[in-house]
Amino acid sequence: MRNMTELDMYLFGQSTHYDIYKKMGAHPITVHHKQGVMFDVWAPHAKKVWVIGTFNGWDEKSHEMERLEPTEMGIYELFVPEAKCGDLYKYLIETKDGEYLYKADPYANYAELRPGTASIVADISHLTWTDQKWMDARAKDDPFEKPMVIYEVHPGSWKRHPCREDEGFYSYREFAHALTEYVKDMGYTHVELMGISEHPFEGSWGYQVTGYYAPTSRYGTPEDFAYLVNYLHGNGIGVILDWVPAHFPRDAHGLADFDGCPLYEYPDPRMGEHADWGTKIFNYGMSEVKNFLIGSALMWIEHFHVDGLRVDAVASMLYLDYGKDDGQWVANKYGENKNLEAIEFFKHINTSLTGRNRGAIMIAEESTAWPMVTGKAEEDGLNFTFKWNMGWMHDFLDYMKQDPIFRKGCHNKMTFAMSYNEAEKYILVLSHDEVVHLKCSMVNKMPGLGIDKFRNLMVGYAFYMGHPGKKLLFMGQDFAQLREWSEERELDWFLLAEDDHRHLHDFFKELLHIYHKYPSMYELDHSWQGFEWINANDASRSIFSFVRKSKDGKKNLLFILNFTPVEREDYRVGAPTKGTYRLILNSDEARFGGSGKKRPVRYRTVEAECDNREHSFAYPLPAYGIAVFSFDYKTE
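Residues numbered from 1 in each chain as written. Predicted model: local features only at pLDDT ≥ 70, side-chain atom pairs only at ≥ 80, totals over all residues. Heavy atoms only, no water.

**Some remarks on empty space enclosed by the protein**
Formally: Whether a set of points on the 1 Å grid over the protein atoms alone is a cavity depends on a 1.4 Å probe fitting there but being unable to get out, while an open set qualifies as a pocket with protein on both sides within 12 Å along at least five of seven lines; lining residues are those with an atom within 4 Å of a point. Grid points are joined across faces, edges and corners, and a volume is the space filled by probe spheres set on the points. Polar here means any residue other than Ala, Val, Leu, Ile, Met, Phe, Trp, Tyr, Cys and Pro, which are nonpolar, and Asp, Glu, Lys and Arg, which are charged; Gly is therefore polar.
Counted by the stated rule, this structure contains 1 cavity of 30 Å³ or more. Considering only enclosed or pocket space, the largest cavity measures out at about 90 Å³ in volume. If you go around the largest cavity, you meet 15 residues; those closest to its centre are Met-271, Ile-281, Tyr-319, Leu-320 and Asn-339. Within the lining of the largest cavity, the residues separate by chemical class into 10 nonpolar, 3 polar and 2 charged.

**With respect to helix α7 (residues 287–303)**
The α-helix winds at 3.6 residues per turn, so residues separated by three or four positions along the chain end up facing the same way. Put simply, the test is: Helix and strand definitions follow DSSP, with helices as H or I runs of at least four residues and strands as E runs of at least two, each counted in order from the N terminus. Any helix carries an expected span of 1.5 Å times its number of residues minus one.
Compared with an ideal rise of 1.5 Å per residue, which puts 17 residues at 24 Å, α7 spans 22 Å between its outermost C-alpha atoms and is within 8% of the ideal. Once α7 ends, the next one or two residues include His-305, with phi positive near 60°.

**Focus on unusual backbone geometry**
Negative phi values dominate among residues other than glycine, just as trans dominates among peptide bonds. Basically, it comes down to this: Each residue gets one of three labels from its accessible area relative to the maximum for its type: buried under 20%, exposed over 50%, partly exposed in between, using a 1.4 Å probe on protein chains only.
A cis amide bond links Glu-69 with the next residue in sequence, Pro-70, at an omega value of -5°. When you line up the elements, Pro-70 lands in the loop between β4 (66–67) and β5 (75–80). Of note, the amide linkage connecting Arg-114 to Pro-115 takes the cis form, showing an omega dihedral of 15°. When you line up the elements, Pro-115 lands in the loop between β7 (100–103) and β8 (119–120). For His-437, which is not a glycine, the phi torsion comes out positive at approximately 55°. A residue is classified by how much of its surface remains accessible, and His-437, at 61% relative accessible area, is exposed.

**A word on the pattern of salt bridges**
Where we set the bar: Salt bridge criterion: a side-chain nitrogen from Lys or Arg within 4 Å of a carboxyl oxygen from Asp or Glu.
The tally for this structure, following the rule as stated, stands at 35 salt bridges. For the salt bridge of Glu-94 with Lys-47, the shortest nitrogen-to-oxygen distance reads 3.8 Å. One end of the pair, Glu-94, is in strand β6 (residues 88–94); the other, Lys-47, is in the loop between β2 (34–42) and β3 (48–53), with 47 residues separating them in the sequence. A residue is classified by how much of its surface remains accessible, and Glu-94, at 11% relative accessible area, is buried. The class of Lys-47 is partly exposed, set by a relative accessible area of 45%. Asp-242 is the salt-bridge partner of Arg-310, the closest N and O atoms lying 3.4 Å from each other. Separated by 68 residues along the polypeptide, Arg-310 in strand β16 (residues 308–311) and Asp-242 in strand β13 (residues 238–243) bring together distant segments of the chain. Summarising the burial analysis for this pair, Arg-310 and Asp-242 share the class buried.

**Things to note about the layout of surface pockets**
Reported here for the largest pocket is a volume of approximately 600 Å³. Lining the largest pocket we find 24 residues, and of these Trp-205, Trp-277, Asp-312, Glu-365 and Asp-433 sit closest to its centre. Put simply, the parts of the chain that give the lining of the largest pocket at least two residues each are α8 (314–318) and α10 (390–401). Among the elements that line the lining of the largest pocket, the one with the most residues is α10, at 3 residues. When its residues are assigned to classes, the lining of the largest pocket shows 10 nonpolar, 8 polar and 6 charged.

**A word on the packing of α7 against helix α9 (residues 340–356)**
Stated formally: To get an axis, fit a line to the C-alpha atoms, keeping to the stretch in contact for a helix; angles then go from 0 to 180 degrees between the N-to-C directions. Comment on the angle field: the value is read as roughly parallel under 35 degrees, roughly antiparallel over 145, roughly perpendicular from 65 to 115, and oblique elsewhere. Two helices cross in a left-handed way if the nearer one is turned anticlockwise from the farther one by less than a right angle. They cross in a right-handed way if the turn is clockwise. Here, two residues are considered to be in contact whenever any of their heavy atoms come within 4.5 Å of each other.
Relative to each other, α7 and α9 sit at 25°, their axes nearing to 11 Å. The orientation of α7 with respect to α9, classified from their angle, is roughly parallel. Relative to α9, α7 is oriented so that their crossing is right-handed. The segment α7 lies against α9, with Lys-290, Leu-293, Ile-294, Ala-297, Leu-298, Ile-301 and Glu-302 engaging Glu-344, Phe-345, His-348, Ile-349, Ser-352, Leu-353 and Arg-356. Among the residues forming the contact of α7 with α9, the class breakdown is 8 nonpolar, 2 polar and 4 charged.

**Structural notes on the pairing of strand β10 (residues 190–193)**
This is how the line gets drawn: Only strands joined by at least two bridges in the DSSP assignment are considered to pair.
Residues of β10 alternate between two faces, with His-190 and Glu-192 on one and Val-191 and Leu-193 on the opposite face, all of them buried. Here 4 bridges tie strand β9 (residues 149–153) to β10, and the two strands are oriented parallel to one another. Bridge assignment links Glu-152 to a residue of β10, and that residue is Glu-192.

**Section: the side chain of Thr-189**
Definition in use: Identification of polar contacts relies on pairs of N or O atoms within 3.5 Å, with a donor-acceptor requirement for protein atoms, meaning one able to donate a hydrogen and the other able to accept it, and with residues adjacent in sequence counted only if both atoms are side-chain atoms.
With respect to the helices and strands, the residue Thr-189 is situated in the loop between α4 (172–186) and β10. Judged by relative accessible area, Thr-189 falls into the buried class, the value being 7%. Here Val-149 takes part through its backbone nitrogen, which lies 2.8 Å from a polar atom of the side chain of Thr-189. Reaching out from Thr-189, the side chain makes a polar contact with the side chain of His-190 at a distance of 2.7 Å. Contacts of Thr-189, omitting those with residues within four sequence positions, involve Pro-147, Met-148, Val-149, Gly-236, Ile-237, Gly-238 and His-516.

**A few points about the sheet that holds β4**
Taken together, the 4 strands give an open sheet; going across it, the order is β1-β2-β5-β4, and neighbouring strands pair in antiparallel fashion. In the strand order of this sheet, the two ends are held by β1 (25–31) and β4, each with one partner. With 7 bridges connecting them, β1 and β2 associate as antiparallel partners. Bridge pairing in β2 links Val-31 to Lys-34.

**Digging into the packing of aromatic side chains**
To keep it simple, the criterion reads: Aromatic rings from Phe, Tyr and Trp, taking only the six-membered ring of Trp, are treated as a pair when their centres fall within 6.5 Å; an angle between ring planes under 30 degrees marks them as stacked, one over 60 as edge-to-face, and anything in between as tilted.
The final tally for this structure, using the stated rule, is 68 aromatic pairs. Ring geometry for Phe-39 and Tyr-89: centres 5.1 Å apart, planes at 65°, overall edge-to-face. Here Phe-39 is found in strand β2, whereas its partner Tyr-89 is found in strand β6, with 50 residues between them in sequence. Relative accessible area serves as the criterion here: at 0%, Tyr-89 is assigned to the buried category. Ring centres of Trp-42 and Tyr-264 lie 5.6 Å apart, and the angle between their planes is 85°; on these two criteria the pair is classed as edge-to-face. Placement of the pair is Trp-42 in strand β2 and Tyr-264 in the loop between β13 and α6 (269–272), with a sequence separation of 222 residues. There is no split in this pair, since Trp-42 and Tyr-264 are both buried.

In structure tokens form, the structure reads like this:
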């Protein structure tokens with residue numbers, strides 16, 4: 001019985017076989033009443049291919065695979081009745097030059113725990129799901145108008161079991177329960193998981209992938225990973241995965257020169273290599289390679305119920321000269337530095353994935369001014385759902401690092417992002433990349449000593465949460481982790497026993513709960529209809545005031561943020577409408593480490609011009625003071 005039909009191979013050759021993961025790789029099946037495993041691998045340059053493994057004692061010549069017609073497609077297939085789930089295996093490939101390569105299965109769903117490099121036969125066709133309510137709701141929701149605060153987390157270093165002989169990793173199932181408890185208590189809406197696709201090197205954090213169809217075995221089986229997603233969904237938490245179609249490592253068992261020749265990568269090293277990263281670049285012009293990547297993305301979304309993918313290093317795919325000097329890259333047919341094949345790939349994968357899966361999202365980590373990253377494909381956009389706002393992140397951190405006395409000189413760094421906010425659908429990110437490689441943790445980026453660092457970070461976080469755009473924060477930064485992040489150890493959770501860290505943690509938690517409670521914080525993120533500056537130009541005092549607006553005009557929020565250690569007892573703010581303003585967040589409360597001074601809850605405007613408004617009210621603003629008020633647009 002033939003597994004890969006002519007139709008399968010035709011679709012594969014057109015890069016439109018969207019269920020290719022159900023055909024390629026190793027699949028337990030029954031043929032002529034015999035149970036076994038069907039193996040399929042793409043190796044068009046190979047002279048011969050064998051499948052070897054524990055089922056045949058790693059006998060290198062006992063199970064030669066058949067090259068299917070049409071032979072130019074280069075798909076090899078073999079049914080092995082001796083094989084079963086749990087068997088380790090590899091493909092032994094004889095190259096056209098007579099060399100022998102031992103390769104892991106590119107389509108494997110499970111892999112041997114590193115440092116082992118074999119694939120493992122797994123059956124993922126019977127995963128257990130109880131999340132239909134979540135999936136149905138996702139299909140109906142508009143992601144642009146829903147709350148989204150993403151907790152970026154690396155499972156292997158979030159928490160570890162102490163005093164164990166192994167690395168002490170939480171299993172997927174243990175992680176599911178511990179992570180859910182924390183995320184629900186804090187108020188995050190989604191988790192973004194780093195390093196889930198199988199990868200050999202811990203220090204790559206999962207960004208040098210060898211198993212695009214396999215959840216890493218570090219934390220358990222594919223069934224265990226499905227349990228994690230299902231459990232998070234059951235508790236109302238969305239799941240986003242980091243996904244890396246930009247490059248892959250040179251490891252001997254991986255995709256590099258898979259059948260003795262460049263296959264998954266461009267054959268010209270000027271196109272096919274990232275010299276700075278020591279990795280290979282996928283050949284986006286080859287249909288079978290595109291289908292390999294598209295099939296991987298669809299498997300995570302459709303088979304493992306993941307809600308979205310954050311696509312890593314998009315800029316490196318779009319620009320042919322990314323990270324390269326003159327002579328190290330090849331221009332396109334128009335003499336430009338745009339990778340036309342990568343552009344077409346993005347349009348294809350983003351339209352097909354989101355079209356087939358309503359409510360699923362694709363997020364671009366794109367650091368340049370490339371236009372219309374989230375624009376529609378039919379209008380020549382790339383059709384991503386969201387784009388990381390790297391420009392906002394750099395400006396924000398540049399401002400926050402300044403001694404408060406000098407912030408007035410770069411006041412515009414905090415206001416500039418609103419000038420282009422409608423250009424894309426943005427996520428404001430404070431990711432893992434900002435707390436590694438001697439960049440310092442978030443709290444240690446702040447100026448001053450001791451408590452000043454925490455007060456700076458509090459007001460910075462209030463600005464971040466109040467600013468339009470969905471949000472992402474890396475683990476540990478919500479309680480002011482002091483050390484830079486390392487994949488080799490767990491977060492410094494013991495810091496929560498200290499007042500300063502606990503106060504900041506409680507403050508960020510309060511911001512998250514306010515975010516959930518007030519739709520004005522998220523439902524008009526990408527339009528000026530949802531935002532208004534009250535005073536964007538108070539540079540001399542380094543104070544910002546702005547309004548987040550709701551669709552129905554109710555429960556709008558007025559933010560006042562003081563970025564200096566100077567009290568402003570005489571502070572007055574212009575009111576967007578006359579009436580009563582209710583104080584819902586005051587950073588000077590004792591629970592946040594403030595003075596605990598009692599303040600009124602309600603403030604009524606008076607007819608006194610301020611900030612070019614007819615009405616205003618007074619609010620004595622503490623050093624590094626944060627005040628958020630709720631109000632309705634109405635005349636009284």
